[in-house]
Amino acid sequence: MALSPEQCLGRLRVLYRDAHKCPAASDALVIAWARTADTWATYAIRHYDWSFLVAEAVVRQCRSYVKRAALAVIEQELAA
């Protein structure tokens, strides 16, 4: 069963919080981070001693969630 855009955004928020050890300021920040997760992963591996396998798993999850989550952010902005 496919996840809804809201569920994808929620999962991206969890990934962001776990990766940065703090909650995101906005959904737009989460989407922007997820779109450049490969750059973040390179930095995390070099400077924070993350393993390649763990960082790559985060990048793969970001790639699968980011398109659907962006739809949720757009829908929220239109509703406001």
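Keep in mind the model is a prediction, meaning the values are calculated, not measured.

The rules behind the values
- Residues numbered from 1 in each chain as written.
- Predicted model: local features only at pLDDT ≥ 70, side-chain atom pairs only at ≥ 80, totals over all residues.
- Heavy atoms only, no water.
- Salt bridge = Lys/Arg side-chain N within 4 Å of Asp/Glu carboxyl O.
- Helix = DSSP H or I, 4+ residues; strand = E, 2+ residues; numbered from the N terminus.
- Buried < 20%, exposed > 50% of the residue type's maximum accessible area, 1.4 Å probe, protein only.
- Axes fitted to C-alpha atoms, helices over the stretch in contact; angles between N-to-C directions.
- Parallel < 35°, antiparallel > 145°, perpendicular 65-115°, else oblique.
- Contact = heavy atoms within 4.5 Å.
- Nonpolar A, V, L, I, M, F, W, Y, C, P; charged D, E, K, R; others polar.
- Core = buried A, V, L, I, M, F, W, Y, C linked by side-chain atoms within 4.5 Å.
- Arc of directions from axis to C-beta.

Asker: How would you summarise the pattern of salt bridges if you had to cite specific residues and measurements?
Answerer: For the structure on display, the rule yields two salt bridges. For Asp27, the salt bridge is made with Arg13, and the minimal N-O distance between the two is 2.9 Å. Of this pair, Asp27 sits in helix H2 (residues 27–35) while Arg13 sits in helix H1 (residues 5–20), and the two are 14 residues apart along the sequence. Using a relative accessible area of 19% as the deciding quantity, one classes Asp27 as buried. Salt-bridge contacts for Arg17 lead to Asp18; the nearest nitrogen and oxygen are separated by 4.0 Å.

Asker: Now, about the packing of H1 against H2: what can you tell me, with residues and values included?
Answerer: Contact geometry of H1 with H2 gives a least axis separation of 10 Å together with a crossing angle of 75°. With respect to their mutual orientation, H1 and H2 come out roughly perpendicular. Taking contact as the criterion, the partners of Leu9, Leu12, Arg13, Leu15, Tyr16, Ala19 and His20 in H1 are, on H2, Asp27, Leu29, Val30, Ile31, Trp33 and Ala34. When its residues are assigned to classes, the contact of H1 with H2 shows ten nonpolar, one polar and two charged.

Asker: Lay out the nonpolar core in plain terms, naming residues and giving numbers.
Answerer: If you look at the biggest cluster of nonpolar residues, it comprises 23 residues, and the most contacted ones within it are Leu12, Ile31, Trp33, Trp40 and Cys62. Among the secondary structure elements, those contributing two or more residues to this core are H1, H2, helix H3 (37–47) and helix H4 (52–79). When near neighbours in sequence (up to four residues on either side) are disregarded, Ile31 contacts Leu9, Leu12, Val66, Ala69, Ala70 and Val73.

Asker: Before we move on, could you go through H3 and cite the residues and values that matter?
Answerer: All buried positions along H3 are accounted for by Ala37, Trp40, Ala41 and Ala44. One face of H3 carries all of its buried residues, which in axial projection span an arc of 100°. Every exposed residue of H3 that faces more than 90 degrees away from the buried side is listed here: Thr39 and Arg46. Close packing links the buried residues of H3 with H1, H2 and H4.

Asker: Tell me what's going on with the environment of Thr39, and back it up with residues and numbers.
Answerer: As for its position among the elements, Thr39 is in helix H3. You can call Thr39 exposed: its relative accessible area is 54%. Sequence separation between Thr39 and Ala70 is 31 residues; the distance between their C-alpha atoms is 19 Å.

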